[in-house]
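Report on the structure
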Amino acid sequence: MSDSLTEVRSFFKSIRVTLAVSGAIALITGVVLLVWPLKTAIIVTGIIAAYLIIAGLVYVGLGIFSGRKSGWARIGFIALGALYIVAGVVAFLNLAAATITLAFVTAIFLGVSWIVDGIVSLTLLNKDGSKAWTIIYAILSIAAGVIVLFSPLLAAVALWWVLGITLVVLGIIQIIRAITLGRDEKQISGLLTEQV
């Protein structure tokens, strides 16, 4: 029976460590997003720029070294790779402007997608069982999309803050779960010990 007790304790410990570590990472990330929003947005943009350069190099390599592809496919890979590399380098040369542009484009994409989602919901109104909820959802979705389109940078800042606050709250909850799981472990261990 001591083997099963050891297994239970090991299982609970691994879950507690996972919850505590993921909670701490979420909490720290959320605090960093809230304390240094522009710096973290610039770091995210830098990561995206690095990805573009790496992806561009891969596409150029595919274009140059893939002998089985047709000439046009190889030219297409090289052109796409060059475009990715140029975009990544331009982003690196002015990370602040690239960050604002990325936030602007993301917010516009979000606004347009909310409007389209609302319109699609309305077109499915006859096929939906809950028409009132569908209408409410569609109106809110379209309204949110229009608001975002009229002030995309403000919407991007608000979304960044919401992301930071959400990460802080989720991190705290994960850490609390890790602590309370320790109590559950003690109760289960006590029950297993009584059975022995």
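See the structure above.
None of these values were measured; they are calculated from a predicted model.

To continue, consider the overall build of the chain. A count of helical and extended segments in the chain gives six helices and zero strands. Shown N-terminal to C-terminal, the secondary structure of the chain runs as helices and strands in the order α-α-α-α-α-α. The buried share of the chain, taken over its 196 residues, is 24%. Counted over contacts in the chain with a minimum sequence separation of 6, partners at least 24 positions apart contribute 77%. In the structure as shown, the chain presents an accessible area of about 13,000 Å², 77% of it carried by carbon and sulfur atoms.

Taking 1.5 Å per residue as the helical rise, helix α2 (residues 37-65) with its 29 residues ought to reach 42 Å, and the 42 Å between its terminal C-alpha atoms agrees with that figure. Listed in full, the buried residues belonging to α2 are T40, A41, T45, G46, A49, L52, A55, G56, V60, G61 and G63.

Over its 23 residues, helix α3 (residues 71-93) extends 33 Å from the first C-alpha to the last, a length consistent with the 33 Å expected when each residue adds 1.5 Å. Elements that come into contact with the buried residues of α3 comprise α2 and α4 (95-123).

Positionally, V90 belongs in helix α3. Classification of V90 as exposed rests on a relative accessible area of 52%. C-alpha separation for the pair V90 and A49, spaced 41 residues apart in sequence, amounts to 8.4 Å.

Quick look at the environment of G111 now. Structurally, G111 is set in helix α4. Sequence separation of G111 and S151 is 40 residues, and the distance between their C-alpha atoms is 9.8 Å. If sequence neighbours within four positions are ignored, G111 has contacts with G145, V148 and L149.

With respect to the element layout, F104 can be found in helix α4. The exposure class of F104 is partly exposed, given its relative accessible area of 37%. For the pair formed by F104 and L153, sequence separation is 49 residues and the distance between their alpha carbons is 5.5 Å. The residues touching F104, leaving out its near neighbours within four places in the chain, are P152 and L153.

With that settled, consider the side chain of S121. Looking at where S121 falls in the secondary structure, it is placed in helix α4. The class of S121 is buried, set by a relative accessible area of 12%. When neighbours within four sequence positions are excluded, S121 is seen to be in contact with T134, Y137 and A138.

Definitions and cut-offs
- Residues numbered from 1 in each chain as written.
- Predicted model: local features only at pLDDT ≥ 70, side-chain atom pairs only at ≥ 80, totals over all residues.
- Heavy atoms only, no water.
- Helix = DSSP H or I, 4+ residues; strand = E, 2+ residues; numbered from the N terminus.
- Buried < 20%, exposed > 50% of the residue type's maximum accessible area, 1.4 Å probe, protein only.
- Contact = heavy atoms within 4.5 Å.
- Areas by Shrake-Rupley, 256 points an atom, 1.4 Å probe, with all protein chains shown as cover.
- Expected span 1.5 Å × (residues − 1).

What is shown is where atoms sit, not what they do.
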